[in-house]
Amino acid sequence: MPCNGTTTADDFYSGTKAALAGGTTMIIDQVLPTRDETPLEAYDKWRGLADPKVCCDYGLHVAITSWNEQVAKDMEALANADRGVNSFQVFMAHPEGFSLNDNEMYGCFHKCKKLGSLPMVHAENGQLIDIKSDMLISQGVEGPEGHLQSRPVESEEQATQRAVLIADQAGAPLYVVKVMSKGSADVIARSRKHGKVVFGEVTAAGLGTDGTHQYNECWRHAAGHVTSPPLRDDPNTPGYLMNYLANNDLQVTGSDNCTFNANQKALGKDDFRCIPHGVNGVEDRMSVIWENGVHQGKMDPCRFVAATSTTAAKLFNLYPKKGRIAVGSDADIVIWNPEAQRMISAKTHHQAVDFNVFEGMVCHGVPEYVMTNGHIVMDEGQLKVTQGLGRFVSTPPNSQAVFGRINIRERVLEQQPLIAHVEPTMKPLYMCLWIAHYTTCNVRTTGSPLQHSTQSSMVRLRT
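Owing to the predicted nature of the structure, the values given are computational and were not obtained by experimental measurement.

The rules behind each value
Residues numbered from 1 in each chain as written. Predicted model: local features only at pLDDT ≥ 70, side-chain atom pairs only at ≥ 80, totals over all residues. Heavy atoms only, no water. Core = buried A, V, L, I, M, F, W, Y, C linked by side-chain atoms within 4.5 Å. Buried < 20%, exposed > 50% of the residue type's maximum accessible area, 1.4 Å probe, protein only. Contact = heavy atoms within 4.5 Å. Helix = DSSP H or I, 4+ residues; strand = E, 2+ residues; numbered from the N terminus. Right-handed = clockwise from strand over helix to strand, strands pointing away. Pairing = 2+ DSSP bridges. Axes fitted to C-alpha atoms, helices over the stretch in contact; angles between N-to-C directions. Parallel < 35°, antiparallel > 145°, perpendicular 65-115°, else oblique. Left-handed = near helix turned anticlockwise from the far one by under 90°. Nonpolar A, V, L, I, M, F, W, Y, C, P; charged D, E, K, R; others polar. Phe/Tyr/Trp six-rings, centres within 6.5 Å; stacked < 30°, edge-to-face > 60°. Lys NZ or Arg CZ within 6 Å of the ring centre and 35° of its normal. Expected span 1.5 Å × (residues − 1). Arc of directions from axis to C-beta.

Caption draft 1: Structural view of the nonpolar core. Core analysis: the largest hydrophobic core is formed by 70 residues, its most contacted members being Met105, Phe109 and Leu174. If we ignore the near neighbours within four places in the chain, the residues touching Met105 are Val90, Met92, Leu100, Val121, Ala163 and Ile166. With 16 residues, the next largest nonpolar core counts Met120, Phe199, Phe316 and Phe403 among its residues.

Caption draft 2: How the structure looks around the pairing of strand E6 (residues 118–122). Of all the five residues making up E6, five are buried; the element is thus mostly covered by neighbouring parts of the structure. In E6, alternate side chains face the same way, and those of Leu118, Met120 and His122 on one face and Pro119 and Val121 on the other are all buried. In this fold, strand E5 (residues 87–91) hands off to helix H4 (residues 102–115), which returns the chain to E6; that crossover is right-handed. Two strands pair when backbone bridges link them, and E6 and strand E7 (residues 174–176) are joined in this way by two bridges, in the parallel orientation. Counted as the bridge partner of Val121 is Val176 from E7.

Caption draft 3: Seen up close, the packing of helix H8 (residues 182–193) against helix H11 (residues 237–246). The contact between H8 and H11 brings their axes to 10 Å, and the two run at 15°. The pairing of H8 with H11 is recorded here as roughly parallel in orientation. For the pair H8 and H11, the sense of crossing is left-handed. Listed contacts from H11 to Lys182, Ala185, Asp186 and Ala189 of H8 are Thr237, Tyr240, Leu241 and Tyr244. Residue classes in the contact of H8 with H11 are distributed as five nonpolar, one polar and two charged.

Caption draft 4: A look at the environment of His375. Topologically, His375 is positioned in strand E12 (residues 375–379). His375 gets classed as partly exposed once you look at its relative accessible area, which sits at 40%. Sequence-wise, His375 and Ala331 are 44 residues apart; in three dimensions their C-alpha atoms are separated by 8.1 Å. For His375, the contacting residues outside a window of four places in its chain are Val370 and Leu389.

Caption draft 5: Here's a closer look at the environment of Leu49. Here Leu49 is to be found in helix H2 (residues 39–50). With a relative accessible area of 35%, Leu49 lands in the partly exposed category. For the pair Leu49 and Asp11, spaced 38 residues apart in sequence, the C-alpha separation works out to 8.4 Å.

Caption draft 6: Fine view of the packing of aromatic side chains. Summed over all chains, the structure comprises eight aromatic pairs. The interplanar angle of 55° and the centroid separation of 5.6 Å between the aromatic rings of Tyr175 and Phe316 together place this pair among those described as tilted. With a gap of 141 residues between them, Tyr175 in strand E7 and Phe316 in the loop between helix H14 (301–315) and strand E10 (333–343) connect regions that are remote in the sequence. When sorted by exposure, Tyr175 lands in the same class as Phe316, which is buried. With a centroid separation of 5.9 Å and 50° between ring planes, the pair formed by Trp290 and Trp336 is classed as tilted. One end of the pair, Trp290, is in helix H13 (residues 285–294); the other, Trp336, is in strand E10, with 46 residues separating them in the sequence. Looking at Trp290, the relative accessible area reads 9%, which means it is buried. Each member of the aromatic cluster is reached from another via a ring pair, and the members are Phe12, Tyr43, Tyr58 and Phe392. A cation over a ring is seen here: Arg47 above Phe392, with NZ or CZ 4.1 Å from the ring centre.

Caption draft 7: A look at the sheet that holds E10. Judged by pairing direction, the sheet is antiparallel, and its four strands sit side by side in the order E10-E11-E12-E13 without closing on themselves. Because the sheet does not close on itself, it has two edges, and the strands there are E10 and strand E13 (382–383). Strand contacts of helix H1 (residues 12–22): E10, strand E11 (362–372), E12 and E13, with the helix running at about 110° to E11, the strand carrying the most contacts.

Caption draft 8: Just the sheet that holds E5, in detail. The strand order E3-E4-E5-E6-E7-E8-E9 describes an open sheet built from seven strands, whose pairing is parallel. Whereas interior strands pair on both sides, the edge strands pair on one side only; in this sheet they are strand E3 (26–31) and strand E9 (252–254). Mean inter-strand twist for the sheet, computed between neighbouring axes without regard to direction, equals 30°. Two elements, E5 and E6, share five bridges in a ladder whose sense is parallel. From the neighbouring strand, Ser87 faces E6, where its bridge partner is Leu118. Across the sheet, helix H7 (residues 153–169) touches E6, E7 and strand E8 (198–203), and the angle it forms with E7 is around 165°.

Caption draft 9: Broad picture of the environment of Ser191. Within the secondary structure layout, Ser191 lies in helix H8. Residues Ser191 and Val164, 27 residues apart in the sequence, show an inter-C-alpha distance of 7.8 Å.

Caption draft 10: View of H2. Compared with an ideal rise of 1.5 Å per residue, which puts twelve residues at 16 Å, H2 spans 16 Å between its outermost C-alpha atoms and is within 8% of the ideal. Listed in full, the buried residues belonging to H2 are Pro39, Leu40, Ala42, Tyr43, Trp46 and Ala50. The arc that holds every buried residue of H2, seen down its axis, measures 160°, which confines them to one face.

Below is the structure:
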């Protein structure tokens, strides 16, 4: 697929083949429009690339790389049943300049709310990254370590907090992709405790390796770990994120599989800003999470199933068609052997890329049998896939798991009477209004904002 000024090493055939080899029976890929494409045009191009090649079922979410009335109309068309897109991603930082500002993000999130679609965000402070990157280059820092140094933890944490605030003010839910730092995870967990409808995704790479590799003396090895947000150089971060995932403070796992061979990563050999961002993960996601989660005693098998399958199916409104074994559900079944072991290596994986960020990792837990739509594609570890066997799966709007609470809160708000109580003994006189609201808002009187918290609260209006 086109990405970062080049084309990924994996296409839809090798990528979905690798997914099935690892026990993943459906993927959701991201459509990334170029500067000259509309979201609708990019969607049609992605369907043309995927339909003839996919070995398993797939869905799409679409990146919103600019904002205007035409883009909003394209979102409406994409959300219709004939195209079946119920999630749209924005970037707060992007190497090709596809990020949106706060006003544009608000408009996009508000549109998603009206469509019953799930807004997604890549959360980093893009302006700060640009400043830091230029500064490092001027100081002679050109290698992959500069990528990490230009994107401090605080940049991800601050952007996550900002995105949560903007979505909340727009009355929309939020799905934060690729959570890579402790601070960002803390923001999501804290926001959920305060009643915000926000979901956090952590990647296989974020759970299975760390950013210290970006300081490796081998340039290829270091560049092979460049992704964004970056893998953090605190070696305790993967365990920290796994604890959050195990306890549902982070909800889902993705692969963010975006692979580039050595010659492609070398586009940035003299300037880390030009290194294509992306790592592997689609084939090894399940085994890495089992190894570092279940095998280490941090999560039980039921939580493993939820974090790797069921929760995502619910958020993207595919449940119970996907994410469940039951009469009427798709026959996507994985028989998992928790005792079997395998060593991850680029020499043996099924992807087209020449590098693996989990190289040499020994995992307990591998798929022995994999069935997709009733077709056995792995039998006793032997993979037999068919190009084009997979289907495009529409993701309908208004997922109950995403919008259930939001819709109820709005209905309660509409039915809630405003009860005014005058306190005659107070000077100056105050009026107390009890109001119920599901999100923060500003009430302006005499030019000053009075902020009230989530849920029920009392706002004093000076009269």
